[in-house]
Amino acid sequence: MYKKGTFKWKSLMVVACVGLLLFLTACGGGSTNKSAVETSKERDKLIIGVKFDTNLFGLKDPGTGEVRGFDVDIAKAIAKKLLGDENKLELKEVTSKTRIPMLKNGDIDAIIATMTITEERKQQVDFTDVYFEAGQSLLVKKGSSVRSIEDLKSGVKVLAVKGSTSAKNVKEKAPDAEVLEFENYQEAFTALKSGKGEALTTDNAILLGMMQQDANFEMVGGNFTDEPYGIAVRKGDEQLVKLINDLIKEMKANGEYDKLYEQWMGQKPSAK
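The name an unreviewed UniProt entry assigns to the chain is Transporter substrate-binding domain-containing protein, from the organism Paenibacillus arenosi. For the record of the chain, the UniProt heading Sequence similarities (unreviewed entry) holds the text "Belongs to the bacterial solute-binding protein 3 family."

Right, here's the structure in full:
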């Protein structure tokens, strides 16, 4: 038998708990299904995660603080389509390791950061259509005995970046080599220049940017993987995926995509 006071107290506790749950959900303590299209319009700003250390895609000028590159220009185009002004854009630095956690935490609306579409990543994020076709290769000092993936044998040190598909791929394709992983591409490239490894591996387009920074290095062996880049958004954000896919199609149809590609890569994109 319940006492009157006990019943009232338990009822009040249930009401309080329900109220607290609703409050936390309303304040963002729970997950939300609101699209980044809506939230960016509400704040009148789009927040995109890009790399700050990757020449040709996203590289920060230490003098001016400006971040420039192909990925940055794609982000500007999205901001213009969504908010009518490419300047209504905030760029936040991400690395291969931090980008998915930052997206999940709501720190950024999307990732445009040389991110290869993989089945494993699709479990955590949603991807747009491919916006850039790359392939993994090797960067070595000119005159190096390493000429291809077959030369990555026991005793050879290969440099890569944490959280990248490149690190995973090279471990599978050259299991006898020693893979040293760094936080970002600039650290890995600095390590290569100082002789901490015989080769650096990542996507050919990123390696091209490193070659432009230092002519003492060259790519060898061709591509040994396909690396299709996609723009990542939070799971279920179909509205933002559609907006970006429509924009990519528009840019390819009106020639704007080819113009940007040639500006940064120095050549026209190959037909595919």
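Asks: Tell me what's going on with the environment of Thr-190, and back it up with residues and numbers.
Replies: In this fold, Thr-190 is placed in helix 7 (residues 185–193). Accessibility expressed as a relative area gives 45% for Thr-190, which makes it partly exposed. Reaching out from Thr-190, the side chain makes a polar contact with the backbone oxygen of Gln-186 at a distance of 2.8 Å.

Asks: Kindly report on the sheet that holds strand 13 (residues 217–220), identifying the contributing residues and their values.
Replies: If you trace the 5 strands from one edge of the open sheet to the other, you get 11-10-12-9-13, paired in mixed fashion. Looking at which strands have only one partner, the edges of the open sheet turn out to be strand 11 (178–182) and strand 13. Taking the axes of each pair of neighbouring strands and ignoring which way they run, one obtains an average angle of 35 degrees across the sheet. As paired strands, strand 10 (residues 157–161) and strand 11 are joined by 5 bridges and run parallel to one another. From the neighbouring strand, Val-161 faces strand 11, where its bridge partner is Phe-182. Where helix 7 meets the sheet, its contacts fall on strand 9 (136–141), strand 10, strand 11, strand 12 (199–203) and strand 13, and the angle it forms with strand 10 comes to roughly 160 degrees. Sheet strands in contact with helix 8 (residues 204–213) are strand 9, strand 12 and strand 13, and its direction is about 125 degrees off that of strand 12.

Asks: I'd like a rundown of the side chain of Thr-202, residues and numbers included.
Replies: With respect to the element layout, Thr-202 can be found in strand 12. One polar contact links Thr-202 to Ser-166, side chain to side chain, over a distance of 3.5 Å. For Thr-202, the residues in contact, after removing those within four places along its chain, are Gly-135, Gln-136, Ser-137, Ser-166, Tyr-185 and Leu-207.

Asks: Quick rundown of the nonpolar core? Include the residues and the values.
Replies: In a soluble, globular protein the nonpolar side chains are often hidden away together inside. With 54 residues, the main nonpolar core has Phe-57, Phe-70, Ile-74, Ile-78, Tyr-131, Phe-132 and Leu-200 as its most contacted residues. Here this core takes 9 residues from helix 3 (residues 70–83), the largest share from any one element. In this view, Phe-57 contacts Arg-68, Gly-69, Phe-70, Asp-71, Val-72, Thr-114, Phe-132, Ala-205, Ile-206, Tyr-229 and Met-265; residues no more than four positions away in its chain are not counted. Ranked by size, the runner-up nonpolar core spans 16 residues in total, among them Ala-174, Val-179, Ala-199 and Phe-224.

Asks: Could you give me a rundown of the packing of aromatic side chains, with the residues and numbers involved?
Replies: One pass over the structure, following the stated rule, counts 12 aromatic pairs. The interplanar angle of 80 degrees and the centroid separation of 6.2 Å between the aromatic rings of Phe-57 and Phe-70 together place this pair among those described as edge-to-face. One end of the pair, Phe-57, is in the loop between strand 2 (53–54) and strand 3 (58–60); the other, Phe-70, is in helix 3, and 13 residues separate them in sequence. When sorted by exposure, Phe-57 lands in the same class as Phe-70, which is buried. Measuring from centroid to centroid gives 5.4 Å for Phe-189 and Phe-217, while their planes differ by 70 degrees, and the two rings are edge-to-face. Of this pair, Phe-189 sits in helix 7 while Phe-217 sits in strand 13; the two residues are 28 residues apart in sequence, bridging distant segments of the chain. The exposure classification of Phe-189 matches that of Phe-217, with both residues buried. An aromatic cluster is present here, built from Phe-57, Phe-70, Tyr-131, Phe-132, Tyr-229, Tyr-257 and Tyr-261 joined pairwise through their rings.

Asks: Report on the side chain of Ser-96, specifying residues and quantitative values.
Replies: For Ser-96, the location among the structural elements is in the loop between strand 5 (89–93) and helix 4 (99–104). Accessibility expressed as a relative area gives 8% for Ser-96, which makes it buried. A distance of 3.2 Å separates the side chain of Ser-96 from the side chain of Lys-51, its partner in a polar contact. Apart from residues lying up to four places away in sequence, Ser-96 is in contact with Lys-51, Val-161, Lys-162, Gly-163, Ser-164 and Tyr-185.

Asks: Which residues make up unusual backbone geometry, and what are the values?
Replies: One non-glycine residue with positive phi stands out, namely Asp-44, at about 60 degrees. Position of Asp-44 among the secondary structure elements: in the loop between helix 2 (36–43) and strand 1 (46–50).

Definitions and cut-offs
- Residues numbered from 1 in each chain as written.
- Predicted model: local features only at pLDDT ≥ 70, side-chain atom pairs only at ≥ 80, totals over all residues.
- Heavy atoms only, no water.
- UniProt positions renumbered as here; feature names shortened; annotations may be inferred.
- Helix = DSSP H or I, 4+ residues; strand = E, 2+ residues; numbered from the N terminus.
- Buried < 20%, exposed > 50% of the residue type's maximum accessible area, 1.4 Å probe, protein only.
- Polar contact = N/O pair within 3.5 Å; in protein donor to acceptor, adjacent residues only side chain to side chain.
- Pairing = 2+ DSSP bridges.
- Axes fitted to C-alpha atoms, helices over the stretch in contact; angles between N-to-C directions.
- Contact = heavy atoms within 4.5 Å.
- Core = buried A, V, L, I, M, F, W, Y, C linked by side-chain atoms within 4.5 Å.
- Phe/Tyr/Trp six-rings, centres within 6.5 Å; stacked < 30°, edge-to-face > 60°.

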